[in-house]
Amino acid sequence: MTCGRQAGPSLFNRRETRRGLNAAATVGPVTRLDTTDLLADRSLRGPDFCRALSDRIDGFLAEVLEAADPPPGTALVAVGGYGRREQCPGSDVDVVLVHRRGLDMADVAERVWYPLWDAGLKLGHQVGTLPQLLEVASEHLDTATSLLAARPVAGDATVANELAAAALRQWSGRSRRHLDDLQASVAERHARFGEVAFLLEPDLKESRGGLRDVHSLLWVEQATLPILRESESAGLAAAAETLLTVRVELHRLTGQRADRLLLELQDDVAAALDLADADVLMAEVAAAARTIAWTGEGAARRTTRAVRRRGPLGAIANLRRREVAPGLVLDDGRLAFTDGVDLTDPLLTLRCAQVAAENDAYIQRGSLERLVEHAPALSLPWPDEARELFVGLLATGSSAVQVIEDLDHVGLFVQLVPEWEPCRSRPQRNAYHRFTVDRHLMEAAAEASRLVDRVDRPDLLLVGALFHDIGKGYPGDHTEVGVVLFRTIATRMGFDADDVDTLVAMIQHHLLLPDVATRRDLDDDGTIAMVADAVGNSRLLHLLGALTEADSIATGPSAWSSWKGGLVNELVSRVSHVLAGGDVGEVLGGSFPDAEQRLLLEEGSLLVSGEGRTLTVVAADRPGTFSKAAGVLALNGADVLDASAHSENGWTLSVFRVASAPDGDPDWTRITDQIRLALAGRLALSARLGDRSRTYRPVRLAAKPARPRMTVDNLTSATATVLEVTCPDGVGVLYRMTRAFAELDLNIVGAHVQTLGSDVVDAFYVRDVSGDKITDDDHLAEIELSVLRWVAVDF
């Protein structure tokens, strides 16, 4: 017996191999396998295409087997995806050549496999008797699951059907072992490939919520009694069809097996499916994947319960069954309705959700279906108890996420908040955000539950966190849209007018603190005064401070750090002092430059020093000093997080703080030597950056990179003009921006650098050659022209 997955050898190797075949291995002419008409027929999509392709391959394999003249008792059997008739253009053709005992199949196998390789088919093939194949299946999960889809293609149908029946008997007879192995395999695969719904470039087959999860559910049902509810089976079938349709078009476009839906292919796949754009495509993919994952989670819960009930802990689990609220019983981590539950209670959905989350339980799927069918709508505005139950649900933190997901999947959450609908499964399509819009909002509320002790109105924090990005589901600026939407939502929930105003202000200003903290000079009294004027009161300030942290952590790992947290906390502290009646100047400690740095300027000598994650440069004050230092840092792969500059007495001080690197601190000796050369005009910095740029292959982290733009702020600072530049990240982008400033003799007195996924948002405090703010429109237009040209330069 031979088993394995093998692509056909190259043309040269085929010829070499064939010279070694004897006459018995020679096969007569076989009709060529031609699938060009199927690939060209755009009316054939998804399952229809897969079935048509499977049928075409069936016919070809039947001809090949007939030409190979096999002995009686031989069959060619389709298995795996091909056996399920889910053959995609780039998929392997999984087949088994099964035969009765006592037959010599070596020559027959060669007469079958070589024509298939000559036809360009990628084979996953096995040869053996029924007992041999079952023995392999007993030891290898992949073989066992592949045989569950066994389907006769050609030859002795009796032998083929015996294999299919025996494989199913063996699988179900060893269900406990197989299910344990399958569960471990699924967990390992999910950990390796992530989740389809939340990935920028998901693997449609292997990621959580992908097609392999659909297959796994089928295998579980073949090992046990059916575990899916009727409604789940229908939803699963529709979701699987969506992903299979996308997979077929992905294979068609690439001409090969390609299950990872790359960013650069998403628009083309969307067009091939007649969808408006890739945003629509990825929303459909995410929704389908979440349905598959949700169905799988329900099945896993039921399977686990069934196994536990059969074991020695079953009796103990029964003893733990208890009624935790009228009509609600908690049973081994599952909340279900009793026979006496009042389905006419309009608060039942919220009551059930809160109780489940408080007990870290899930709601039984049957109970969810009864809620969908019977639960009456809430009166408007909501009664106080409804709002309290809703806030209580959010206060449970991470336990609320799965409960809200369950409500949302069956449509109950949209029934509570209709404005939620456009946010469902809406992808954000950049690496900065790790979740879809709706899941991000749930996670933000969960993070906010940890911070309620920082504010005097936890209810406003939790509700504001859940809806701070509600506008992202709609056209237009998401903050402006969200303000309008949330005034309606908060009023419907029964909040009084003052609370509605506070909640709306949270939506309006939810980006204020992180933007100011990372892009403005906190030592500038204008910055503090501007924020104090915008928020107006301490309650809102502290709500925004907590919301900023919750939102950032829920966004993704690159959105929050101790550095950013320190800046936000410092900003909140200073603004709080002013709102309490204090003077702005009283809170501006830690100003730049500090006393030690001023001594360096007074000494008036060149200093280039790097230590830890900080670079300090003191040099003669002339345009380009800051830019050259930034360029050398870029040349050495050091990402700048923050930078400050100050000039006096003919000398300039520049301080850069760089990101931590996996391999430790930067090579400061090399960097400082290169900066000295650059300042002396002895380093071809632009040329070297150009060389690095040509060998650097950036990872695309967003579907829609930022459009380069420059905004001018002449209000925040009394002493400098703030220029904020947004553009896609790239090699030496900070160097290019500041070189544009040097070209126009601008003096950089401060800089704040921030990377958001694949984009940068850098703010510079600048003065003209006379040391004044820049207010002339023509001058500002020239600066903008220079900056935008330089950031577009590809060296």
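About the criteria used
Residues numbered from 1 in each chain as written. Predicted model: local features only at pLDDT ≥ 70, side-chain atom pairs only at ≥ 80, totals over all residues. Heavy atoms only, no water. Core = buried A, V, L, I, M, F, W, Y, C linked by side-chain atoms within 4.5 Å. Buried < 20%, exposed > 50% of the residue type's maximum accessible area, 1.4 Å probe, protein only. Contact = heavy atoms within 4.5 Å. Pairing = 2+ DSSP bridges. Helix = DSSP H or I, 4+ residues; strand = E, 2+ residues; numbered from the N terminus. Axes fitted to C-alpha atoms, helices over the stretch in contact; angles between N-to-C directions. Phe/Tyr/Trp six-rings, centres within 6.5 Å; stacked < 30°, edge-to-face > 60°. pLDDT = per-residue confidence, 0-100. Salt bridge = Lys/Arg side-chain N within 4 Å of Asp/Glu carboxyl O.

Enquirer: When you look at the nonpolar core in this model, what are you seeing that I'm missing?
Expert: Nonpolar side chains in soluble globular proteins tend to be buried together. In this structure, Phe 390, Trp 420, Val 463, Leu 466, Phe 467, Met 493 and Leu 571 are the most contacted members of the largest nonpolar core, which totals 94 residues. With residues up to four places along the chain from it excluded, the contact list for Leu 466 reads Phe 390, Leu 394, Phe 413, Trp 420, Leu 441, Met 442 and Ala 445. Core analysis: the second largest hydrophobic core is formed by 91 residues, Leu 65, Val 77, Trp 113 and Leu 134 among them.

Enquirer: Would you mind showing me how to read the sheet that holds strand E7 (residues 328-331) here?
Expert: Within a sheet, each strand pairs with its neighbour through backbone hydrogen bonds, oriented either parallel or antiparallel. With respect to topology, four strands assemble into an open sheet ordered E6-E7-E8-E9, the strand pairing being mixed. Either end of the sheet is taken by a strand with one partner, and the two such strands are strand E6 (322-325) and strand E9 (362-363). Examined bridge by bridge, E6 and E7 share three bridges and lie antiparallel to one another. Within E7, the residue paired with Glu 323 across the bridge is Val 329. Relative to the sheet, helix H15 (residues 348-358) contacts E6, E7, strand E8 (334-337) and E9, its axis offset from that of E8 by approximately 155°.

Enquirer: What is the right way to read the packing of aromatic side chains from this model?
Expert: Scanning the entire structure with this criterion turns up 10 aromatic pairs. Judged by centre distance (5.1 Å) and plane angle (90°), the ring pair of Phe 198 and Phe 435 falls under edge-to-face. One end of the pair, Phe 198, is in the loop between helix H9 (175-193) and helix H10 (211-223); the other, Phe 435, is in the loop between helix H19 (412-416) and helix H20 (437-448), with 237 residues separating them in the sequence. The same class applies to Phe 198 and to Phe 435, which are both buried.

Enquirer: How do you make sense of the confidence of the model for the chain when you look at a structure like this?
Expert: It should be kept in mind that the predicted coordinates are not to be read in detail where pLDDT is low. On average, residues of the chain score 90 in pLDDT, and 93% of them are at 70 or above. Below a pLDDT of 50 lies the segment residues 1-27, which in the model reaches 44 contacts outside its immediate sequence neighbourhood of four places, other chains included.

Enquirer: How should I be thinking about the pattern of salt bridges in this particular structure?
Expert: When their charged atoms lie close together, side chains carrying opposite charge are able to pair. Considering all chains together, one arrives at 53 salt bridges under this definition. With its nearest N and O atoms 3.3 Å apart, the salt bridge here joins Arg 519 to Glu 724. Taken together, the residues span a long stretch of sequence, with Arg 519 in helix H24 (residues 512-519) and Glu 724 in strand E15 (residues 721-728) at a distance of 205 residues. For the residue pair Arg 519 and Glu 724, the accessibility class agrees, reading buried in each case.

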